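What follows is each chain in one-letter form.
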Amino acid sequence: MENYRVLQRLGKGAQGTVNLVESKIDNKKYVMKKVECTDESEANKAFKEAMALAELRHPYVCGYQEFFVTWDKEESAMFVCIVMDYYKLGDLDKALKQKRLNKSAVDEIMVKKWLGQMIEALVFVHKKGIIHRDLKPSNIFMADNLNIAIGDFGVATIMDDARTKTRTTVGSMNWMAPEVLERPYDERSDVWSAGCIALEMITCGVLDSKSMSQCLYVLKNDQVMLEDLISKTTGTYSNDLLALIRCMLRRKFQQRPTAVELLDMPYVKECLTLSDSALVERKKKQATQPKTGTVPKEQGVTPVLAYIRSECESENALKDAMAYLAELTKEEDTVVDDAGKKLVAQTMRENIACVEIQVAGCNILNNLIVSELDTATETDVLFSSDVVSVIPLAMKCHSGSSQLQQAAAAALMAFSANESAAAVIGQVGGIGSILDAMRTFKDKEELQATCCNAIWSLCVNEDNSKMVTDERGLRDVCETMGRFSQNPDVVEAAAAAILSLSLEDDNLEFIGELECVRLLLEAISTHPKDRKVVKNSCMALASLVEPDEESAFKVLDCERKDGTRIQGIPKIVEAYGYQSNNAEVVENVCTLFMELVEYDDVMEEMRVYKQMFDMLKDIQKKYKDNEDVIASCESALTKLDGGKASNRPVSARNRPKSARR
């Protein structure tokens, strides 16, 4: 301490004090952080760990000048002192407060610049084996040229976990990743914090500090908050930036990209380019490597795979070869061996930054699944983690490409038909990638339908269903259904997804809020001639009615958004008129009525509909030899006629998930 003069106290927190000091040696101003230690042993340990920070020499990392241990007589305590560069412009928190004061947004060009510099700094420190853990606007400092520098590693980084956990302030925890206090965690926790900072930058024009603090706290447990915040910025920022923030704020850190993985995202490359980052040059050589030959066509798969191996250094050659292989594998008799499947996945992984290769790769894998699903075994390399995991990775890296998201979502939907592959998809972040695609490209009808179908199929796996529920995916499905109510392909896929998600108990509290019953009744009313729409909607309604009497009443009489009302029974009877010869549809209609009559008050109101009795009696005659149909039909009729059903069929909720497909 004898080498420094204390000029003023800048702050005092749970882990120590921060002072502006002047060096008696070079007369320069520095910031000194004093971190209290319980004893000399802890101080020496912290000092040794702090010395690692001396190696952090990078343009976007705050420079560390000196570390020493001192005894403070006045406070009777041991301190580790960390001397850092002083930034007279202050920190990012100060800059954001000024923006909030003026109620003005941060221009996207500045968001890109600062976000790129943050990511570059994180790549650097993570390669040094250092995790910040406490990244927030107040420890991102502003240089004179408006570049940023990450600092304050000397708190969460050098103190042991137990001490950090007990002394971290509530305010600081707002930017801290959910897993840091829960454990385990890794360098992806810093990516979460950087995502929170980016989110704060894009919302500072519409939210004050207190509101933002509350939102960041809620965000750790409720992904709906993220979409609500993003919706406030509509039209101000690009979809690519918003998609990147979604990717960085995946709650499960295992499904969050590392800082190094972020480098492959085209938008992040743009961010890095603004600061002339050397990281942008990483794969430029491969991208410009000339081709040494042409793709061998009309000779089958083997020569094409050999060409891919020989041209692995040329991105242009691989684009052509993968595109041709995608066309070739559309043919039913095309066979690709295990080595070839691995090569396709390897080529995608090694060229992850090239969107054309990713689209072609997803199409190849999709084609192979379609052609081999009936013959492939559970141990087939096609369904291995090495192959499946490359698709969510491609979705993360090209979150701004609707073409890639469509191809990848279609491939994941195809993969989900295999039980082991469906489990892998959930484990490697595929659920989050599908929901991110839905949220980014809300106007793409085909993509929305594909994603809903993928959710329906993936949710046969209970872990996947829980993930979609935790991510509030039911809301996305319902929004899609309402937005594209005139498109039968989207509606039938969304109805199937609602069916799968309705079997997750945690979704039941949102059924009324999301108006699921109304959406399904309107689907039947709008598309009575569409077999899949009527079938899926009736089964979904049955699943909603079975645990919830309120949903049952809504089937009878439900208010539309425009204030008019829709009565479900006449609409279902009308749809039956078009679908009376389709046993699957009729079975689901009867299942719905069987569930409705379980509620005495609902049943009383149903008895006024003569056309309903006529329909059920017609079904009773027409399907007397179909056990699946007749059981639920007669159960409903018996109740409606005043008797009791002796053997009630298995309800939609208790029916095995495999049977629901």
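Calculation criteria
Residues numbered from 1 in each chain as written. Predicted model: local features only at pLDDT ≥ 70, side-chain atom pairs only at ≥ 80, totals over all residues. Heavy atoms only, no water. Helix = DSSP H or I, 4+ residues; strand = E, 2+ residues; numbered from the N terminus. Buried < 20%, exposed > 50% of the residue type's maximum accessible area, 1.4 Å probe, protein only. Contact = heavy atoms within 4.5 Å. Lys, Arg positive; Asp, Glu negative; His and termini not counted. Charge placed at Lys NZ, Arg CZ, Asp CG, Glu CD. Axes fitted to C-alpha atoms, helices over the stretch in contact; angles between N-to-C directions. Left-handed = near helix turned anticlockwise from the far one by under 90°. Nonpolar A, V, L, I, M, F, W, Y, C, P; charged D, E, K, R; others polar. Pairing = 2+ DSSP bridges. Core = buried A, V, L, I, M, F, W, Y, C linked by side-chain atoms within 4.5 Å. Patch = residues over 30% accessible without salt bridge, like charges linked within 9 Å, V, L, I, M, F, W, Y side chains within 5 Å. Areas by Shrake-Rupley, 256 points an atom, 1.4 Å probe, with all protein chains shown as cover. Salt bridge = Lys/Arg side-chain N within 4 Å of Asp/Glu carboxyl O. Disulfide = S-S within 2.5 Å. Phe/Tyr/Trp six-rings, centres within 6.5 Å; stacked < 30°, edge-to-face > 60°. pLDDT = per-residue confidence, 0-100. Polar contact = N/O pair within 3.5 Å; in protein donor to acceptor, adjacent residues only side chain to side chain.

Visitor: Honestly, the overall build of the protein chain in this entry has me stumped. Any pointers?
Guide: Helix and strand counts for the protein chain come out as 34 helices and 9 strands. Taken over the C-alpha atoms alone, the protein chain extends approximately 100 × 65 × 45 Å along its principal axes. Here the protein chain holds 661 residues, and 58% of them are scored as buried. Across the protein chain, contacts joining residues at least 24 apart in sequence account for 68% of those joining residues at least 6 apart. The positive charge centre, built from 82 side chains, and the negative charge centre, built from 102, are 5 Å apart in the protein chain.

Visitor: In this structure, what is going on with the packing of helix α25 (residues 473-483) against helix α27 (residues 516-526)? I would like to understand it.
Guide: To describe two helices that pack against each other, one gives the angle between their axes and the distance between the axes. Look at α25 against α27: their axes get within 10 Å of each other, and the N-to-C directions meet at 35°. α25 and α27 meet at a crossing whose hand is left-handed. For the pair formed by α25 and α27, the contact residues are Leu-474, Cys-478, Met-481 and Gly-482 on the first element and Cys-516, Leu-519, Leu-520 and Ala-523 on the second. Each residue belonging to the contact of α25 with α27 can be placed in one class, and the counts come to 7 nonpolar, 1 polar and no charged.

Visitor: I tried to follow unusual backbone geometry on my own but got confused; where do I start?
Guide: Across residues other than glycine, the phi torsion is negative in most instances, and most of the peptide bonds are trans. Residue Lys-103 is not a glycine yet carries a positive backbone phi of 50°. Tracing the sequence through the fold places Lys-103 in the loop between α2 (92-102) and α3 (108-127). The backbone of Glu-515 shows a phi angle near 55°, a positive value even though the residue is not glycine. Mapped onto the elements, Glu-515 comes out in the loop between α26 (488-502) and α27. Given a relative accessible area of 31%, Glu-515 falls into the partly exposed group.

Visitor: How should I be thinking about the pairing of strand β2 (residues 16-23) in this particular structure?
Guide: On a regular strand, one side chain projects to one face of the sheet and the next to the other, so that they alternate. Most of β2 is tucked away, with 8 of its 8 residues classed as buried. Bridging between β2 and strand β3 (residues 29-37) involves 7 bridges; their strand directions are antiparallel. Each bridged residue has a counterpart across the sheet, and for Val-18 the counterpart in β3 is Lys-33. Connecting β2 to the next strand, β3, in antiparallel fashion are 5 residues, including Asn-27 with a positive phi near 60°.

Visitor: How should the nonpolar core be read in this particular structure?
Guide: It is characteristic of soluble globular proteins that their nonpolar side chains tend to be buried jointly. The biggest cluster of nonpolar side chains holds 213 residues, and the ones touching the most others in it are Leu-199, Phe-415, Ile-455, Phe-593 and Met-606. Per-element tally for this core: the top contributor is α3, with 10 residues. Aside from chain neighbours lying at most four places away, what touches Phe-593 is Ile-569, Ile-572, Met-606, Met-612, Met-615 and Ala-636. Formed by 7 residues, the second largest nonpolar core is a distinct cluster that contains Val-21, Tyr-30, Cys-81 and Val-83.

Visitor: Sorry if this is basic, but what is going on with a negative patch on the surface here?
Guide: Side chains of Glu-298, Glu-331, Glu-332 and Asp-333 sit close together on the surface and give a patch of like negative charge. In this structure, Asp-333 sits in the loop between α15 (315-328) and α16 (338-350).

Visitor: Which parts of the structure should I look at to understand the pairing of strand β4 (residues 64-72)?
Guide: Relative to strand β5 (residues 77-85), β4 runs antiparallel, the two being bridged by 8 bridges. Paired with Phe-67 across the two strands is Ile-82, which belongs to β5. Taking the residues that link successive antiparallel strands as the turn, the β4-β5 hairpin has 4 residues, and the phi of Ser-76 there is positive, at about 50°.

Visitor: I'm lost on the state of the cysteines in this one. Help?
Guide: Two cysteines form a disulfide when their sulfur atoms are joined by a covalent bond. All told, the structure shown has 0 disulfides when counted by the stated rule. Free cysteine: Cys-62, not disulfide-bonded; nearest cysteine sulfur from Cys-81 at 15 Å. Cys-62 sits in the buried class, given a relative accessible area of 0%. You can see Cys-459 has no disulfide; the closest cysteine sulfur is in Cys-452, sitting 11 Å from it. Take Cys-459: its relative accessible area is 0%, and that puts it in the buried class.

Visitor: Help me understand the packing of aromatic side chains in this model?
Guide: For any pair of aromatic rings, geometry is given as the distance between the ring centres together with the angle between the planes. Scanning the model with the defined rule gives 4 aromatic pairs in all. With a centroid separation of 6.5 Å and 15° between ring planes, the pair formed by Tyr-4 and Phe-68 is classed as stacked. Of this pair, Tyr-4 sits in strand β1 (residues 4-13) while Phe-68 sits in strand β4; the two residues are 64 residues apart in sequence, bridging distant segments of the chain. This pair shows no difference in class: Tyr-4 is buried, exactly as Phe-68 is. Measuring from centroid to centroid gives 5.9 Å for Tyr-64 and Phe-67, while their planes differ by 15°, and the two rings are stacked. Residue classification places Tyr-64 among the buried residues on the basis of a relative accessible area of 1%.

Visitor: What is the right way to look at the confidence of the model for the protein chain in this model?
Guide: Close reading of the predicted structure is inappropriate where its pLDDT is low. When pLDDT is averaged across the protein chain, the result is 88; 91% of the residues are at 70 or more. Within the model, pLDDT remains below 50 along residues 644-661, and this stretch shows 43 contacts once partners closer than five positions in the same chain are excluded.

Visitor: Would you take a moment to explain the side chain of Ser-189 for this structure?
Guide: Positionally, Ser-189 belongs in helix α7 (residues 188-203). Judged by relative accessible area, Ser-189 falls into the buried class, the value being 1%. Among all residues touching Ser-189, those that are not within four sequence positions of it are Ala-177, Glu-179, Val-180 and Arg-256.

Visitor: Any chance you could explain the pattern of salt bridges here in plain terms?
Guide: Side chains carrying opposite charge are able to pair once their charged atoms draw close together. Per the stated rule, a full pass over the model turns up 29 salt bridges. Arg-560 is paired through a salt bridge with Glu-522; the nearest N and O atoms lie 3.7 Å apart. Here Glu-522 lies in helix α27 and Arg-560 lies in the loop between β8 (558-559) and β9 (565-566), a separation of 38 residues in the sequence. A relative accessible area of 23% places Arg-560 in the partly exposed class. Residue classification places Glu-522 among the buried positions, given a relative accessible area of 18%. The closest approach of N and O atoms between Lys-622 and Asp-618, which form a salt bridge, is 4.0 Å. Of the two residues, Lys-622 and Asp-618 are both situated in helix α33 (residues 610-622); the distance of 4 residues between them amounts to about one turn of the helix. What makes Asp-618 partly exposed here is its relative accessible area of 31%. It is possible to trace a salt-bridge network through shared partners that takes in Asp-228, Arg-475, Glu-479 and Arg-483.

Visitor: I keep staring at the side chain of Ser-193 and nothing clicks. Help me out?
Guide: Note on placement: Ser-193 falls in helix α7. There is a polar contact of 2.8 Å between the side chain of Ser-193 and the backbone oxygen of Trp-175. Look past the residues within four positions of Ser-193 in its chain and what remains in contact with it is Leu-135, Trp-175, Met-176 and Ala-177.

Visitor: Where do I start with α25 in this structure?
Guide: Side chains that are three or four residues apart share a direction in an α-helix, a result of its 3.6 residues per turn. Most of α25 is tucked away, with 8 of its 11 residues classed as buried. Along α25, the residues classified as buried are Gly-473, Leu-474, Arg-475, Asp-476, Val-477, Cys-478, Thr-480 and Met-481. Buried positions along α25 lie against α9 (224-231), α22 (430-440), α23 (445-458), α24 (462-470), α26 and α27.

Visitor: So what exactly am I meant to see when it comes to the environment of Ile-357 here?
Guide: The topology assignment puts Ile-357 in helix α17 (residues 355-372). Between the C-alpha atom of Ile-357 and that of Trp-114, which follows or precedes it by 243 residues, the distance is 30 Å. When neighbours within four sequence positions are excluded, Ile-357 is seen to be in contact with Glu-315, Leu-318, Lys-319, Met-322, Thr-347, Met-348 and Asn-351.

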